[in-house]
Amino acid sequence: MPLGRSQLAPAIEEITVDAQAPSKPFPHFWEQMFGSGRAILSLRDSYRKDLRATKTVTDIHYVRFHAILDDEVGVYSEDSGGQPVYNWSYVDQIYDGLLENGVRPFVELSFMPRKLAASTTPHPFWYGPLPSPPKDYSKWDALIYSFARHLVDRYGAAEVSQWYFEVWNEPNIDFWSGEPKQATYFELYDHTAPAIKRADSRLRVGGPATAQAAWIPDMIAHCALANIPLDFVSTHVYANDLSKDVFGTDQSINRSEMVSMAVQKVYKQVKSSTKPDLPIIWSEYNASYKNEIDVTDATYMGPWLANNIRLCDGLTAMMSYWTFSDVFEEQGVIKTPFYGGFGLIAEGGVPKAAFNAFAMLHRLGDRRLDPDLANALVTKRADGTLAIAVWNYAEPGQSGADRKVHLTVRGVSGTSAYHVEILDRDHGSALSAWQRMGSPVDPTQEQYRELQRAAAGTRKLDGTSSFKLPSQSLAVVEVRTTEVRPK
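In this report, we go over the structure that sits alongside the text. (Residues numbered from 1 in each chain as written. Predicted model: local features only at pLDDT ≥ 70, side-chain atom pairs only at ≥ 80, totals over all residues. Heavy atoms only, no water.)

## A word on the pairing of strand S12 (residues 318–321)
Regular strands have side chains that alternate between both faces of the sheet.
Next, step 1: Of the two faces of S12, the one holding Met318 and Ser320 and the one holding Met319 and Tyr321 are both buried throughout.
Next, step 2: Note: strand S11 (residues 280–286) against S12, three bridges, orientation parallel. Bridge pairing in S12 places Ile281 opposite Met318. (Buried < 20%, exposed > 50% of the residue type's maximum accessible area, 1.4 Å probe, protein only. Helix = DSSP H or I, 4+ residues; strand = E, 2+ residues; numbered from the N terminus. Pairing = 2+ DSSP bridges.)

Here you go:
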């Protein structure tokens, strides 16, 4: 019986690359900043181990986390007369730990200390942060100035001027209880930004750190009208956000395009504003804001990340992936290593497929070559090596057809050496290995070692420009050329 079309082997897909094609700068905006849970977690050895592991495979410069002002950090209290008492002990340990590991803080100024909060009703997060406005703005102003001044005194203005200070987190949703939300947030910002600048005018301050790409035109207009410092704008988006929340429409937007469409929206808003050159920082993004095992734990993240990089190139200064580690407790203590956590590294120090994807995409060059391809990114390094990402995207939980790819490179003389690395469900996926074990809730030490071995097992091919890409897989192809000299 003849094979049906669906049973036939996939045809070979030809990708032709011109090594001499026009190119443009390709800064690695996707790997310079990462999010993490909350400030106090950074004191844990497991957190710092995961940070060092992330630094070995990415160009991470900044880490952002919540709750540097939360009571568990012990920054703010009052004496019996109601006068402020500051304590920088844990703040110093937290920031020392980042700097000692070669990264700088992206300082999110949150949440409200209890003694200063107008409302002590907590946010639903497990650790109970207070999303309240201050009950006394003179005390808030003094706290922020003293905090920034302490950092300048401890680390030096030359160092702290390379940090970023972001006012609050997602004030347009339930992380801010002021009403009306925008007006009361602007009041907070109007107090906070000048207090930061009083500590040293070189410090960088911005916001509004909104969810769902909100408030950017209003933020710029407000700061311009009120003459309030604004050194950058920041906002957030997730690929499963609703179109209604991000764009005010009911259109159906694919998860592969939602983030990039929001990035394009904000880019256009800034360019058409009175401050068209303001840096745009996406201080949170990911493929999901929910716990979805078949998204953030899976090889799905490889194609999703590569495609998002392709679409967001040139539209942002930095994008901060949420998060680098599953040392993370917003919903409580982690109960099992794979649960759809946001981190690149699962509990027990096990790298996920997303970790491998970042490691592979880190090897892309610093120039991007034309043309723009739907399922590939062509880049060149300073030494002339071509680094090409190719992927096979399929929706979470779905299994599409394999792709057979043949890569042809033109515009080079001499011989070309090919090295291919492939991330797929059977190569480099700790999730697949965990599921083959029977998805143990509490893996043994030996099982953790097995998971780490599986995570390291991406497929590597040398000397070939043809390869198969299963569904939800990512390949990075490096092409080095050796000139042939006449005898």
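The discussion continues.
## Quick word on the pattern of salt bridges
Next, step 1: The final tally for this structure, using the stated rule, is 32 salt bridges.
Next, step 2: Between Arg368 and Asp372 there is a salt bridge; the shortest N-O distance is 2.9 Å.
Next, step 3: Glu421 is the partner of Lys460 in a salt bridge, and the nearest nitrogen-oxygen pair spans 3.8 Å. In this pair, Lys460 is assigned in strand S20 (residues 459–462) and Glu421 in strand S19 (residues 415–423), connecting sequence segments 39 residues apart.
Next, step 4: Assessed through its relative accessible area of 8%, Glu421 is described here as buried.
Next, step 5: Here the residues in one salt-bridge network are Arg363, Arg381, Glu421, Lys460, Glu478 and Arg480, joined through shared partners. (Salt bridge = Lys/Arg side-chain N within 4 Å of Asp/Glu carboxyl O.)

## Some thoughts on the nonpolar core
Next, step 1: Counting residues in each nonpolar core, the largest one holds 129 residues, and the members touching the most others are Tyr95, Trp140, Phe147, Phe165, Tyr185 and Tyr189.
Next, step 2: With nine residues, helix H3 (residues 137–155) is the single largest residue contributor to this core.
Next, step 3: With residues up to four places along the chain from it excluded, the contact list for Trp140 reads Leu69, Met112, Leu116, Pro134, Trp168, Leu188, His191 and Thr192.
Next, step 4: Among the nonpolar cores identified, the runner-up in size contains 21 residues, and Ile15, Leu386, Val420 and Val479 belong to it. (Core = buried A, V, L, I, M, F, W, Y, C linked by side-chain atoms within 4.5 Å. Contact = heavy atoms within 4.5 Å.)

## Structural notes on the packing of helix H8 (residues 258–271) against helix H10 (residues 301–312)
Next, step 1: Here H8 crosses H10 at 20°, and the two axes come no closer than 9 Å. In terms of orientation, H8 and H10 fall into the roughly parallel class. Regarding H8 and H10, the two cross each other, and that crossing is right-handed. Residues Val259, Ser260, Val263 and Gln264 of H8 lie in contact with H10, whose contacting residues are Trp304, Asn308, Leu311 and Cys312.
Next, step 2: Counted by class, the contact of H8 with H10 contains five nonpolar, three polar and no charged residues. (Axes fitted to C-alpha atoms, helices over the stretch in contact; angles between N-to-C directions. Parallel < 35°, antiparallel > 145°, perpendicular 65-115°, else oblique. Left-handed = near helix turned anticlockwise from the far one by under 90°. Nonpolar A, V, L, I, M, F, W, Y, C, P; charged D, E, K, R; others polar.)

## Here we look at the environment of Gln269
Next, step 1: Among the structural elements, Gln269 can be located in helix H8.
Next, step 2: Apart from residues lying up to four places away in sequence, Gln269 is in contact with Ile216 and Pro217.

## A closer look at the sheet that holds strand S9 (residues 205–210)
Next, step 1: Strand order in the closed barrel formed by eight strands is S3-S4-S7-S8-S9-S10-S11-S12, with parallel pairing between adjacent strands. If you compare each strand with its neighbour and ignore which way they point, the axes differ by 25° on average.

## Some remarks on unusual backbone geometry
Next, step 1: The peptide bond linking Glu179 to Pro180 adopts the cis configuration, its omega dihedral lying at -10°.
Next, step 2: Tracing the sequence through the fold places Pro180 in the loop between strand S8 (164–167) and helix H5 (181–199).
Next, step 3: Gly207 connects to Pro208 through a cis peptide bond whose omega is 5°.
Next, step 4: Looking at the secondary structure, you find Pro208 in strand S9.
Next, step 5: The phi torsion at Trp168 lies on the positive side, around 75°, for a residue other than glycine.
Next, step 6: In this fold, Trp168 is placed in the loop between S8 and H5.

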